[in-house]
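Here is how the chains run, residue by residue.
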Amino acid sequence: MKYFNPVIIILTVYFAVSAEESAVNPYRRNVELLLLEPSSGSYTKNDAASVQELWITQRLDHFDKLNNKTWQMRYLQNAKYHKPQGPIYIFVGGEWTITPGLLSTGLTHDMALINGGMLFYTEHRYYGQSWPHENNSLSVDELTYLSLEQALADLAHFIREQKSQNSSLTHSKVLLIGGSYSGSMVAWMTQLYRELFSASWASSAPLLAKSDFYEYMQLVKNSIQLSYGLNCTQRLEKGLNHLVKLFNLNETTELLKKLNVCENFNANDELDRISFFNGIGNYFALIVQSYSAYIPSLCHKLMTMQSTEAEALQRFLEQLYADDSHCQDFSYQSMLQLFSEHTDQTRAWFYQTCHQFGWYTTTISASNSSSFGGQVPLWYFQRLCGDAFGPGQKPSQLEAGIVRLNEQFGGVGFNQSERYRQVIFTHGQLDPWRAMGQQVGNQAIVLPGYSHCEDLASIVVRDTVPMNLAKLRVMSFLQRHMAAI
């Protein structure tokens with residue numbers, strides 16, 4: 001069997017689109033892949049033939065009656081299995097461009113097939129093709145209407161409009177499904193618009209807003225250890241400590257040369273240094289979060305490097321980033337560029353984190369917790385927010401927003417007999433995001449050996465017994481709530 005190396009795959013894709021540039025942004029691909037649409041499995045053109053692209057008019061501001069501006073929100077529909085007054089399954093879009101896959105295959109699709117349901121997939125404002133402003137710009141002024149509250153109001157209006165405009169849906173029960181941030185949305189909908197739907201399934205949903213999300217990288221390390229063993233994480237930590245030592249001793253000349261780092265990188269500049277270590281962390285986070293099946297391959301590669309324990313990671317990175325024709329721009333400005341381009345939805349998601357959620361993957365925190373070399377503090381992300389969105393973006397504003405959000409929605413650790421009774425939560429054991437989610441109680445399932453949103457596919461023999469039992473529990477939960485009067 002040919003050895004699959006996700007390292008090579010990721011870089012090959014990136015270089016293919018950057019061949020005309022003299023420098024490569026090594027951060028871009030990892031960040032973009034971390035924000036990809038969840039997958040429910042492979043599908044064919046024929047599978048997607050019944051999926052229609054449609055549009056609905058939304059208010060720009062649902063909470064200002066004097067603002068009459070509107071915009072067009074994109075959504076997808078699959079009516080192939082629909083029977084009059086059959087259930088409505090809505091997969092809610094998050095920080096990505098929606099595609100037909102989630103309405104063409106997977107567990108949500110299968111439930112609609114079994115129950116004669118209508119399938120919808122909504123696109124979140126400011127993502128994909130659902131731009132509230134004609135110029136498709138993400139300037140600070142035009143991002144004013146990007147908020148969780150506006151997005152939830154969009155979804156509420158969508159449900160009301162579908163039921164009022166289509167007589168075959170008037171009495172249909174509504175079921176919401178979401179993954180990652182959109183999983184958070186379908187849970188939070190129960191606290192604001194409970195009357196509009198029967199139940200929801202939140203896959204890999206973070207519920208606790210928090211700026212200093214140091215637990216994320218700690219769980220990345222733990223997941224690598226669970227998937228391969230302590231020897232891999234020990235070698236990784238030794239390698240990171242070796243790199244930190246090189247920076248501390250100002251002995252990075254040979255390292256930067258072998259990584260083909262661009263001349264604008266300043267190893268003595270604190271922001272450049274932190275960006276470098278944050279970028280390395282993002283690579284391992286990507287593998288754990290989105291490609292967890294390849295953790296053993298990654299560790300095998302790291303463990304078999306012909307070098308000392310301390311230098312193995314450096315040799316690994318040399319293979320990862322070495323390219324004869326393009327230097328690697330590891331500077332802070334290269335990281336900032338990802339969040340400064342006014343037509344890139346990566347900027348839209350960063351805006352949301354800077355205003356309401358935080359979720360910054362630090363490796364050293366105020367609680368003295370450290371991981372992955374301990375080089376990435378909270379103030380680094382606060383600086384990125386300020387530089388990306390201007391001096392008006394202050395850390396105190398984010399902290400106030402986080403307090404409001406957690407007070408309104410309850411964070412985690414709540415009693416589901418009193419709150420979120422309509423929601424079933426699922427998390428992958430390897431998923432770093434589960435630290436911010438609901439993991440205990442009869443309506444929460446943690447899946448051993450799986451990571452982020454890996455439970456959206458159909459029930460298949462190759463999955464583990466616990467995974468397939470979890471999917472049956474999800475189906476039973478939604479069916480039970482749908483049948484309730």
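Once that is clear, we can look at the overall build of the protein. The helix and strand tally for the protein stands at 17 helices and twelve strands. For 485 residues, the compact-globule estimate of 2.2 N^0.38 gives 23 Å, and the C-alpha radius of gyration of the protein, at 23 Å, lies within 12% of that figure. Expressed as lengths along the three principal axes of its C-alpha atoms, the size of the protein is roughly 70 × 55 × 45 Å. Within the protein, the proportion of its 485 residues that are buried is 60%.

Checked against the element boundaries, Phe330 lands in the loop between β9 (327-328) and α13 (332-338). Using a relative accessible area of 1% as the deciding quantity, one classes Phe330 as buried. As for Phe330 and Gly441, which are separated by 111 residues in sequence, their C-alpha atoms are 44 Å apart. When near neighbours in sequence (up to four residues on either side) are disregarded, Phe330 contacts Pro26, Tyr27, Val261, Phe265, Asp272, Ser275, Phe276 and Tyr321.

The end-to-end C-alpha distance of helix α14 (residues 345-357), which contains 13 residues, comes to 17 Å, matching closely the 18 Å that a straight helix rising 1.5 Å per residue would cover. Of all the 13 residues making up α14, eleven are buried; the element is thus mostly covered by neighbouring parts of the structure. Residues of α14 that are buried include every one of Thr346, Arg347, Ala348, Trp349, Phe350, Tyr351, Gln352, Thr353, Cys354, Gln356 and Phe357, and no others. Its side-chain oxygen placed 2.9 Å from the backbone nitrogen of Thr346, Asp344 serves as the N-cap of α14.

Okay, unusual backbone geometry next. Generally, phi is negative for residues other than glycine and the peptide bonds are trans, each holding for most cases. Even without being a glycine, Gln85 presents a positive backbone phi close to 65 degrees. Structurally, Gln85 can be placed in the loop between β3 (70-78) and β4 (88-92). One non-glycine residue, Ser204, adopts positive backbone phi at about 55 degrees. For Ser204, the position within the fold is in the loop between β7 (199-203) and β8 (210-212).

As a further point, take the packing of helix α4 (residues 107-115) against helix α17 (residues 465-483). Following both chains from N to C, one finds α4 and α17 inclined at 45 degrees, their axes separated by 11 Å at the closest point. Judged by the inter-axis angle, α4 sits oblique to α17. The handedness of the crossing between α4 and α17 comes out as right-handed. Along the contact surface, α4 presents Leu107, Met111, Ile114 and Asn115, while α17 presents Lys471, Val474, Met475, Leu478, Gln479 and Met482. Here the residues of the contact of α4 with α17 are counted per class, giving seven nonpolar, two polar and one charged.

As a further point, take the environment of Ala49. Following the sequence through the fold, Ala49 ends up in the loop between α2 (28-34) and β2 (51-59). Of the residues examined, Ala49 reaches a relative accessible area of 59% and is grouped as exposed.

Moving on: the side chain of Gln422. Along the chain, the position of Gln422 falls in the loop between α16 (395-409) and β11 (423-428). At a separation of 3.5 Å, a polar atom in the side chain of Gln422 contacts the side chain of Arg194. Within the structure, the side chain of Gln422 is placed 3.2 Å from the backbone oxygen of Ser198, a separation counted as a polar contact. If we skip the residues at most four places from it in the chain, Gln422 touches Thr190, Arg194, Phe197, Ser198, Ala199, Ser200, Phe477 and His481.

Now for the nonpolar core. Membership of the largest hydrophobic core comes to 119 residues, with the highest contact counts inside it found for Ile90, Trp188, Phe276 and Phe284. Top element by residues in this core is helix α10 (residues 270-290). It accounts for eleven residues. Ignoring anything within four residues of it in the chain, the contact list for Trp188 reads Leu148, Leu152, Pro206, Leu207, Phe357, Trp359, Leu405, Phe409 and Tyr420. Membership of the second largest hydrophobic core comes to 30 residues, among which are Ile424, Leu447, Cys453 and Met475.

Among the residues making up α4, those that are buried are Leu107, Thr108, His109, Met111 and Ala112. Of the residues flanking the end of α4, it is Gly116, one or two places downstream, whose phi is positive at about 65 degrees.

Right, let's talk about the sheet that holds strand β5 (residues 118-122) for a bit. Strand pairing in a sheet relies on backbone hydrogen bonds. The paired strands run either parallel or antiparallel. An order of β2-β3-β5-β4-β6-β7-β11-β12 is seen for the eight strands of this open sheet, with the pairing classed as mixed. Unpaired on one side and paired on the other, β2 and β12 (444-447) mark the two borders of the sheet. Shown here is a sheet whose adjacent strand axes are inclined to one another by a mean of 20 degrees, direction ignored. Here β3 runs beside β5; their pairing, made up of four bridges, is antiparallel. Within β5, the position partnered with Gln77 by the bridge is Phe120. The strands touched by helix α6 (residues 181-192) within the sheet are β4, β6 (174-179), β7 and β11, with β6 carrying the most contacts at an inclination of about 145 degrees.

Here the protein averages 93 in pLDDT, while 95% of its residues score no lower than 70. Considering only residues more than four positions removed or in separate chains, one finds that residues 1-20, a stretch of pLDDT under 50, has 29 contacts.

Mapped onto the secondary structure, His242 falls in helix α8 (residues 230-248). In this structure His242 touches Ala310, Glu311 and Gln314, once residues within four positions along its chain are discounted.

Let's shift gears to the pairing of β5. Among the five residues in β5, five count as buried, and that is most of the element. What you see with β5 is no split at all: Met118, Phe120 and Thr122 on one side and Leu119 and Tyr121 on the other are buried throughout. As defined by bridge partners, β4 adjoins β5 across five bridges and the pair is classed as parallel. Residue pairing in the sheet places Ile88 in a bridge with Met118 of β5.

Here we come to the pattern of salt bridges. Close approach of charged atoms lets side chains of opposite charge pair. For the coordinates displayed, the defined rule picks out 16 salt bridges. When the shortest N-O distance is used, the salt bridge between Asp463 and Lys471 registers 3.2 Å. With respect to class, Asp463 is no different from Lys471; both count as buried. Via salt bridges that share partners, Arg28, Arg29, Glu32, Glu341 and Asp344 belong to a single interconnected network.

What counts, and where the lines are drawn
- All residue numbers here refer to positions counted from 1 along the written sequence of the relevant chain.
- For this predicted model, a pLDDT threshold of at least 70 governs which residues receive local features, and a threshold of 80 or more governs which side-chain atom pairs are given and counted, while totals over whole chains, interfaces and linings are taken from all residues.
- Think of the side-chain values as coming from all heavy atoms in the structure, minus any hydrogens and water.
- A run of H or I in DSSP counts as a helix once it spans at least four residues, and a run of E counts as a strand once it spans at least two, with each numbered from the N terminus.
- Throughout, the radius of gyration refers to the C-alpha atoms, and the reference size of a globule is 2.2 Å times the residue count to the power 0.38.
- Partly exposed describes any residue whose relative accessible area lies between the buried limit of under 20% and the exposed limit of over 50%, with all areas from a 1.4 Å probe on protein chains only and scaled to the type maximum.
- Contacts are assigned to residue pairs that have any heavy atoms within 4.5 Å of one another.
- Multiplying one less than the number of residues by 1.5 Å gives the expected span of a helix.
- Distance and chemistry together define a polar contact, namely a pair of N or O atoms within 3.5 Å, with one atom able to donate a hydrogen and the other to accept it when in protein, and with adjacent residues in sequence counting only for side-chain atoms on both sides.
- Orientation is described by lines fitted to C-alpha atoms, with helices fitted over the stretch in contact, and by angles between N-to-C directions that extend from 0 to 180 degrees.
- Between 65 and 115 degrees an angle is taken as roughly perpendicular, under 35 as roughly parallel, over 145 as roughly antiparallel, and anywhere else as oblique.
- The sense of a crossing depends on the near helix, which, turned anticlockwise from the far helix by less than a right angle, makes the crossing left-handed and, turned clockwise, makes it right-handed.
- As a working rule, the residues Ala, Val, Leu, Ile, Met, Phe, Trp, Tyr, Cys and Pro are called nonpolar, Asp, Glu, Lys and Arg charged, and the rest polar, with Gly in that last group.
- Definition of nonpolar core: a set of buried residues of the types Ala, Val, Leu, Ile, Met, Phe, Trp, Tyr and Cys, connected through side-chain atoms within 4.5 Å.
- Think of it this way: DSSP has to see at least two bridges between two strands before they count as a pair.
- You can read pLDDT as the predictor saying how much it trusts each residue, on a scale of 0 to 100.
- Definition used for salt bridges: Asp or Glu carboxyl oxygen within 4 Å of a side-chain nitrogen of Lys or Arg.

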